[in-house]
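A look at the structure
What follows is each chain in one-letter form.
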Amino acid sequence: DMETGIVDAVVAGTYLTAARTSCGSALAVQKFCKSLNRLVLFGAGLQAQQHVLAIRTALSLDKIPYITIVNRSATRAEELKHELLERGWVEECHIALLSHSSRIAEAVRRADVISTCTNSTTPLWDDAISLQTSCVITGIGSYTKDMQEVPYGAVDQCATICIDTLEAKSVGDLKHHRLRDFQLLGQVLQDDDNDNIPRTGPVFFKAVGTAIQDVLTADAVVQRAKELRIGTEVV
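Residues numbered from 1 in each chain as written. Predicted model: local features only at pLDDT ≥ 70, side-chain atom pairs only at ≥ 80, totals over all residues. Heavy atoms only, no water.

1. Topic: the sheet that holds strand β2 (residues 64–71)
The eight strands are arranged β3-β2-β1-β4-β5-β8-β6-β7 in an open sheet whose pairing can be described as parallel. Strand pairing shows two members of the sheet lacking a second neighbour, β3 (90–97) and β7 (183–184), which therefore form its edges. Pairing analysis gives four bridges linking strand β6 (residues 160–163) to strand β8 (residues 203–206), with the strands arranged parallel. By the bridge assignment for β8, I163 is matched with K206. Here helix α4 (residues 101–110) sits on the sheet in contact with β1 (38–42), β2, β3 and β4 (113–116), set at roughly 130° to β1. (Pairing = 2+ DSSP bridges. Helix = DSSP H or I, 4+ residues; strand = E, 2+ residues; numbered from the N terminus. Contact = heavy atoms within 4.5 Å. Axes fitted to C-alpha atoms, helices over the stretch in contact; angles between N-to-C directions.)

Here's what the structure looks like:
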């Protein structure tokens, strides 16, 4: 309960955490991405699937034109590819294994949006690859100083670095950039003036998560469940 702090409900959180995390990325994409043709997705788990759904919804797209799934194993990537095509969320979908460095490089160079949804401790693509000026990167996998998904060279190219909480500044992706300016996503979303600022380079949105998002998401679901009379009431 948001007023008393007393437990109001117990909710299975795996799916909800994936959904609210991907929605943070989708809001950043909605704010900074003017046109999405090519999405590069690192990872093929639930987070990756939810990122496709959230970004597609945020941009009001019937289908995302082109997705490249980059993953360690082909099996899970193939499963996600099949799911995305079967659900009609994407027009065209291709797979590149992490060992396919040349294919990854080509996909990253042409990407409008890059979403990293892994638990990697090393950068996912080569440091020297140039990004499109309009590219938006959303990074949600690395949440400690020892983890890193996005290479420092890519971060250096970014004209804007947006974070969900101040704790995001100390993770592996950004610990190299402590002295640079950061914007909090919440402030960016409230500031209409940002819409009039010319883009001078790529944008990096870095999220590590915050419990208040879980609480508010769960509360919304619990209230909806009560309306629909779903769930078990314990007296």
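Anyway, onward from the coordinates.
2. Thoughts on the packing of helix α2 (residues 46–58) against helix α3 (residues 74–87)
Two elements in contact, α2 and α3, have axes whose closest approach is 11 Å; the angle formed by their N-to-C orientations is 25°. Compared by their axis directions, α2 and α3 come out roughly parallel. Here α2 runs over α3; the crossing is right-handed. From α2, A48, Q49 and V52 reach across to α3, where they touch L80, E83, L84 and R87. Of the residues in the contact of α2 with α3, the class split is four nonpolar, one polar and two charged. (Parallel < 35°, antiparallel > 145°, perpendicular 65-115°, else oblique. Left-handed = near helix turned anticlockwise from the far one by under 90°. Nonpolar A, V, L, I, M, F, W, Y, C, P; charged D, E, K, R; others polar.)

3. A few points about the side chain of T165
Mapped onto the secondary structure, T165 falls in the loop between β6 and β7. A distance of 3.1 Å separates polar atoms of two side chains, one belonging to T165 and the other to E167. (Polar contact = N/O pair within 3.5 Å; in protein donor to acceptor, adjacent residues only side chain to side chain.)

4. Brief notes about the environment of I64
Considering the arrangement of structural elements, one finds I64 in strand β2. Residues I64 and V11, spaced 53 residues apart in sequence, show a C-alpha to C-alpha distance of 31 Å. Residue contacts for I64: discarding those within four places in its chain leaves L36, L39, V52, R56, W89, V90, E91 and E92.

5. Some remarks on helix α7 (residues 211–228)
In this model, α7 (18 residues) spans 26 Å end to end at C-alpha, consistent with the 26 Å of a helix rising 1.5 Å per residue. For α7, the complete set of buried residues consists of A218, V222 and A225. Down the axis, α7 shows its buried residues gathered within 60° of arc, on one side only. Its buried side turned inward, α7 meets α1 (14–32). Just downstream of α7, R229 is the residue with a positive phi angle, here 60°. (Expected span 1.5 Å × (residues − 1). Buried < 20%, exposed > 50% of the residue type's maximum accessible area, 1.4 Å probe, protein only. Arc of directions from axis to C-beta.)

6. A look at the packing of aromatic side chains
Applying the stated criterion across every chain yields a total of one aromatic pair. With a centroid separation of 5.4 Å and 25° between ring planes, the pair formed by F42 and W125 is classed as stacked. Note that F42 is positioned in strand β1 and W125 in the loop between β4 and β5 (136–139), a separation of 83 residues in sequence. As far as burial versus exposure is concerned, F42 and W125 are alike and both buried. The positively charged end of R38 is found above the aromatic ring belonging to Y66, 4.0 Å away from the centroid. (Phe/Tyr/Trp six-rings, centres within 6.5 Å; stacked < 30°, edge-to-face > 60°. Lys NZ or Arg CZ within 6 Å of the ring centre and 35° of its normal.)

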